[in-house]
Structures are given as structure tokens and as C-alpha cells.
Amino acid sequence: MTALLQVGRVSKTFGGFSAVSDVDLSVEEGEIHCLIGPNGAGKSTLFKLIVGTYAPTGGHIRFRGQDVTQAKPFARVQLGMSIKRQAPSVFKALPVRQNLHIALQHHTAPDRLEREEERLLELLALSADAAKLAGQLSHGQQQWLEIGMAIALKPTLLLLDEPTAGLSSEETRHTGELIKRLNAGGMTVLAVEHDMAFVRQIATAVTVMHLGRTFARGSVEEIVADPSVAEIYLGVPHAG
Amino acid sequence: MLNLLNGPQTMGRGRVFWICAALVLAAALVYPAFADPYDVGNFGYFLIWIFMALGLCVMWGLCGMLSFGQTFFFGIGGYAYGVLAIILGNGPAATIVGLFGAVALAGLAAAVLGYFMIYGRISGVFFGIVTLSFTLALAFFLGQTAGPEWAIGRARLNGFNGMQGMSPLSVPWFGGPVVLEETALYYVLVAGLTATYLLLRVLANSRFGNVLVAVREDPERAELLGYDVRRYQLIAFVLGSALAGVSGVLYTSWGQFITPSSIGLPAAAMPIIWVAFSGRTDLTATLVGTFLLLVGFQTLTIYSQETALVVMGALLAATILFVPRGFVVGIGELLARPRRKRLAPALSPDDARP
């Protein structure tokens, strides 16, 4: 089986600094794949390379069997990727409903738009705030709204850059349940995450990055049991 | 399509608004019956400029591109019409070629300039600087075309004195073509403006308009929702600039003259003042505010042109300092407040960037 997303020996340098070097990553269809690693490991840079915000210095990216290495971000999104960025980036000056509308109008027939909006608002527990400006929502609600916008595109691959950053533990648990529900509905998920409890809750596969390289890959149990992974997190120099 | 006349991108909605709009239109239509044709023609002058103001509203207010180039395209449209009308002479055929040719040329110029700016990732304040540079270059260039070598066919460009003597627009009519002057021009302007306003409202609330607003708010997010942001920006820029071309043609036809001073810096600042004062995010506010400012400016100019310019500058400063979202939009929201509690506000204070 070919992977849904195949990142092959991808590198990115900024000036002389190598943020990501020779990274391999493959995400199989149906996975909830978590990308973990200490700060500065290159996770967010890798995400930006996958979605096309940055052009790689080397390597290739294949998505759904197509080489998208040179494709513009909007073309990758049209092909079935969708991303929730790290800091909530909703359209703050627009009402919540319009935020969803702008994302939904891509794939939704005009006569079904309103029903889809309602469905998403309910899913995100934002029905009561539909008319509020997105900028007036709490941080957690904005995170959810952006997840809502990302899933409104009905992506085959949902990219989540720190979906739980700044959320309470209750909200984090809810977010995990939402992600699992979406995955059960057929959506493949790739998430950058710091919160190991959350990773344990959702991940079916884990890739660890360290200093711009792929460090380890496996199931959650394997990764958690790997002493070298604990070392890089605790800052103990890794021998070899 | 009619349901798109109302929506998140347009403030005026509801029965009261549309009744008021119909009354204004009715008053505009019966006005010539009570006025001298000469005054009607002068009144039409105010309407000419509103096209370019609406164009700026689309690209700046909806899509977030501050163009200082409205008079650049106004000039291209106006001069192109002048040249074509002098070469082709009188009659409806000349009008069609002159009008559509000139507007198409302005649109083409916008497509080329816009392509290099937008795909060259020029944005924000630099967008304004580049468009202003082109505007000033065109004004300076036309200012030095006094010599006889600067002619296209029979049409002399005439430097600072500008072109004159081109035939005005005319339309075929029962019993011979009608030259669009005074009352006839006025009715065409009212009809054209009404149609443009309504079509732009539909556009603003359509799928396209939603994307423009998304691009204004956060271009990167809009692109990550799968929209080819630069293409939308280019279309908005061409549309808005072509509307400036329409104003240019109408202006040239109205007075049968055009000079480089209608392109240069003071003229180029005017559309920005009108639209900023009115409230750039709303078409209705732009229409009403621009009209009021034009009437006010003209009234003041009769006494002193310097005073009029100073007042315009002061109004721009006051807008930026006190009501960054625009005076007319502010007043409109005050009027609508009790009735619009349940509906989402079209804008937020967060949008209050100058």
C-alpha cells in the first residue's frame, strides 16, 4: 500500500541554519499520526513544507500519489489537505458563522450551506456564538473554530499544528474525542503535539523529530518505552 | 441572485433601507423635471466620480489592496476615449468603440500592472507606493506632451493644457442618435450607477465576495482554505481599476476635455479620501459619502480651491484619528443599532486599521 503522504529526504535551510534535514515521513491512510519532539526539532517547519508555505531546499513530497513538491499551498489544499495552524488563525473580524461559510462554500452546494453550517456549529459547540465575531471567542473556542474550518474542507489529510496548545485539560480531552470521531469517519490525521497524554489518547503512529531529523518512529507504546526518546526530551545528551 | 443583494458584506438591508433607496432613486429620476438642463448636467458631474470610488471600495475595502492608482486608470480611460473620439468622430459607433475600447484599455493596463505587483508579492503599503508611482509617472509624462510630435492620428495630447474637442458619447435612439449631454447624460449616469451599485452588492455577497473578505483579513489563511488568493486579488484589482476607467471616459465625454491635472497627486488622493471618509468596507457608505464630499468640495471650490483641498485633508486626518472605519459607516451603524441586535455586525472594532 502506498502512503497517503510521503515525505522523502526533505530539507530546509534558512541562511546557514538547517531547520529540517533529510526527513522521511510517511502517513498511511486511516492513521492518526503524531509528530513529536522537543522545541526546535523542526516539526512546525516540516508542516509548513508539507502544506507548501515553505519550498523545500531538497527532497520531495508526494500526496495521494502525486508529486506536490512544487505545488502552491492552495493547490495542495484543493487536492485534499487541510491545516489548522499553530496560533489560531481565524478571520477575527468576521462572524463565526461566516468563518465556517468561507471554508464550506468550496465543496457545499448553496442550498445545503446553511444546514452544513448548523451541523458544524453544533459539532464545535459554537451554536450559541454563531453571530459573534471570531475575535471575541475564547482561545479554546478559536482553536476549535479553526479545526472546524479545516474539517469543513472535507480533507483526506487533516494537519493539526498543536491542536491543544493553550487548552484546558477538559478541552484537550474533548479535542481528542473530536479527532478520533473524525478519524473514524475516514479522515487521516497528522498532528504536531507536545502533550504526551494527548498523544497517548489519540495516536495510532508516532514519529519523533530531534534537531531537524527523524529520530524514531513507531507505535505510542514503542515510543514511550524508548529510553533515547526520553533522553532528548529531558535534555540528557544522547550517546550515539 | 437577488438574495445576494443583502448579506454580510453590505450594511444596508431590511425593508426600511430598500424603501429609502427607492425614494432616493425616485428623487434622482424626477429631479430633471424641476431643474434647468444646465444644472442637471452639472449635477451629473458628481455621479461620474462615484464609479471609481466604488471600484476602490471593492479592491481596498473588500480585498485589502490600497491602490493609489485610481486616477492612473481614470487617465488611461479618459485619454484613450479622447483619442478615439477625436479620430472616430461623432456617432454611436464611435461611442461604442470609444467607451468600450477605453475601458478595456484601462482594464488591460490594470491586468498587466496588477499581475506584476500581485504575483511579485507586493502588498500593504508598497502596493500604494507602486501604484502612486505609476500615477505620477503618467501625469508627468502627459504634462510634457505639448509638442506636435505627441499626437495619435489627429489627436494631439497637448501637454499640460490637455486634450479637448472630442465628441461626447451618443446612443442610437428612435429618430436619430442622441448625444449624451445634460439631461440625457444624467439619466445614463443614474442608470449606470444604479446598475453598477446593485451588481457590486451581489458580487460582494457572493462566493467571490466572501473570498475577497477572507483575503483582506488573512491572505495566508485564505490560501490554506484552498483559494488561489493572487487570482482573486488580480480580478478585484482589474475590476476596481476598470471602474476608474469608466469614470475617466465619462469625465472626458462630459466636459469634452481632460488634462494631466486630473491624474496627478491631488487628484489621486481624492478617491482615497472619499472612500476612507465614507467607510471603505461598505458600498452604500462609499456611494453616499463620495457624493456628499463631491458636492461639498465643489461648493467650497467656488469660493476657494485651496480651502477646499485643506478641508479634504482635514477630513482625511479626522477620519483616521477618530473614525477609522469611516464616518458614513459609523452613522449607518448608529442608525441601525436598535434594529440589528440579533444580526451579526458586519465589522468589528478590530478592523479599525487606517
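Residue indices begin from 1 for each chain and proceed along its sequence in written order. All chains are assigned letters beginning with A, and all ligands numbers beginning with 1, in the order in which they are written. Where local features are concerned, this predicted model is filtered to residues with pLDDT of at least 70; where side-chain atom pairs are given and counted, the filter is 80 or more; whole-chain, interface and lining totals use all residues. Values reported for side chains reflect all heavy atoms of the structure, with hydrogen atoms and water molecules removed beforehand.

### Topic: the interface of chain A and chain B
- At the junction of the two partners, chain A supplies 26 residues and chain B supplies 27 residues.
- Accessible surface is computed with a 1.4 Å probe, and the buried area is the amount of it that two parts give up when combined, taken over both parts together. At the boundary of chain A with chain B, total buried surface from both sides reaches about 2,400 Å², with 58% on carbon and sulfur atoms.
- The working definition used for a salt bridge is a side-chain nitrogen of Lys or Arg within 4 Å of a carboxyl oxygen of Asp or Glu. Where chain A meets chain B, there are three salt bridges.
- N or O atoms closer than or at 3.5 Å make up a polar contact, with two conditions inside protein: a donor-capable atom paired with an acceptor-capable one, and, for residues adjacent in sequence, both atoms drawn from side chains. In this structure, the connection of chain A to chain B is made through 14 residue pairs in polar contact (both at pLDDT 80 or more).
- Breaking the side of chain A that touches chain B down by element, the ones donating at least two residues are α2 (73-78), β6 (81-84), α3 (96-104) and α5 (139-152) of chain A.
- The residue inventory of the side of chain A that touches chain B, partitioned by class, reads 15 nonpolar, seven polar and four charged. Only heavy atoms enter the contact rule, under which two residues are in contact if any of them lie within 4.5 Å. Per the convention used, a helix needs a DSSP run of H or I reaching at least four residues, while a strand needs a run of E reaching at least two, with both numbered from the N terminus. Residue polarity follows a fixed list, in which Ala, Val, Leu, Ile, Met, Phe, Trp, Tyr, Cys and Pro are nonpolar, Asp, Glu, Lys and Arg are charged, and the others, Gly among them, are polar.

### Focus on the pairing of strand β3 (residues 32-36) of chain A
Residue and element names in this part refer to chain A.
- Remark: exposure states derive from per-residue accessible area (1.4 Å probe, protein chains only) relative to the maximum for the residue type, with buried under 20%, exposed over 50%, and partly exposed in between. With respect to burial, β3 is a largely interior element, five of its five residues being buried.
- Residues Ile32, Cys34 and Ile36 line one face of β3 and the alternating positions His33 and Leu35 line the opposite face, and both faces are buried.
- In this structure, β3 lies alongside strand β8 (residues 188-192), joined through four bridges in parallel fashion. When the bridges of β8 are listed, Cys34 appears paired with Ala191.
- Note: two strands are recorded as paired if DSSP finds a minimum of 2 bridges between them. With four bridges joining them, β3 and strand β9 (residues 205-210) adopt parallel strand pairing. Looking at β9, one finds that His33 is bridged to Ala205.

### Brief notes about the domain arrangement of chain B
Residues and elements named next belong to chain B.
- Domain assignment breaks chain B into domain 1 (69-197 + 232-263) and domain 2 (265-335).
- An automatic or database domain assignment supplies the residue ranges for each domain. When each unit is reduced to the centre of its C-alpha atoms, the spacing between domain 1 and domain 2 is 23 Å.
- Across the contact, ten residues belong to domain 1 and seven residues belong to domain 2.
- Taken together, domain 1 and domain 2 are joined by zero salt bridges.

### A short note on the pattern of salt bridges
Residue and element names in this part refer to chain A.
- Counted according to the given criterion, the structure contains 17 salt bridges over all chains.
- The closest approach of N and O atoms between Arg9 and Asp22, which form a salt bridge, is 3.6 Å. Here Asp22 lies in strand β2 (residues 17-27) and Arg9 lies in strand β1 (residues 5-14), a separation of 13 residues in the sequence.
- A relative accessible area of 53% means that Arg9 is categorised as exposed.
- Judged by its relative accessible area of 33%, Asp22 is partly exposed.
- Ionic pairing is found between Glu170 and Arg173, a salt bridge with its closest N-O pair at 3.3 Å. A residue pair is termed a helical-turn pair when its members lie 3 or 4 positions apart in one helix, as Glu170 and Arg173 do in helix α6 (residues 169-184) at three residues.

### A closer look at the nonpolar core
- By nonpolar core we mean a set of buried residues, namely Ala, Val, Leu, Ile, Met, Phe, Trp, Tyr and Cys, connected to one another through side-chain atoms within 4.5 Å. One finds A:Leu145, B:Trp49, B:Phe73, B:Met163, B:Phe237 and B:Trp274 to be the most contacted residues of the largest nonpolar core, which totals 144 residues.
- Considering each element in turn, this core owes the most residues, 17 residues, to helix α2 (residues 37-62) of chain B.
- A domain split of this core shows at least three residues from each of domain 1 (69-197 + 232-263) and domain 2 (265-335) of chain B.
- Leave out the neighbours within four places in its chain, and B:Phe73 touches B:Ala106, B:Ala109, B:Ala110, B:Leu113, B:Phe237, B:Ser241, B:Ala244 and B:Gly245.
- Judged by nonpolar contacts, the second largest core, of 26 residues, contains A:Val27, A:Ile50, A:Val51 and A:Ile61.

### A closer look at the confidence of the model for chain B
Residue and element names in this part refer to chain B.
- How sure the predictor is of each residue is captured by pLDDT, a score from 0 to 100. Considering every residue of chain B, the mean pLDDT works out to 91; 95% of them sit at 70 or more.
- Confidence, read as mean pLDDT per element, is least for strand β5 (residues 178-179) in chain B (84) and greatest for helix α9 (residues 229-255) (97).
- Confidence drops under pLDDT 50 across residues 340-354; counting only partners more than four residues distant or on other chains, this segment forms 32 contacts.

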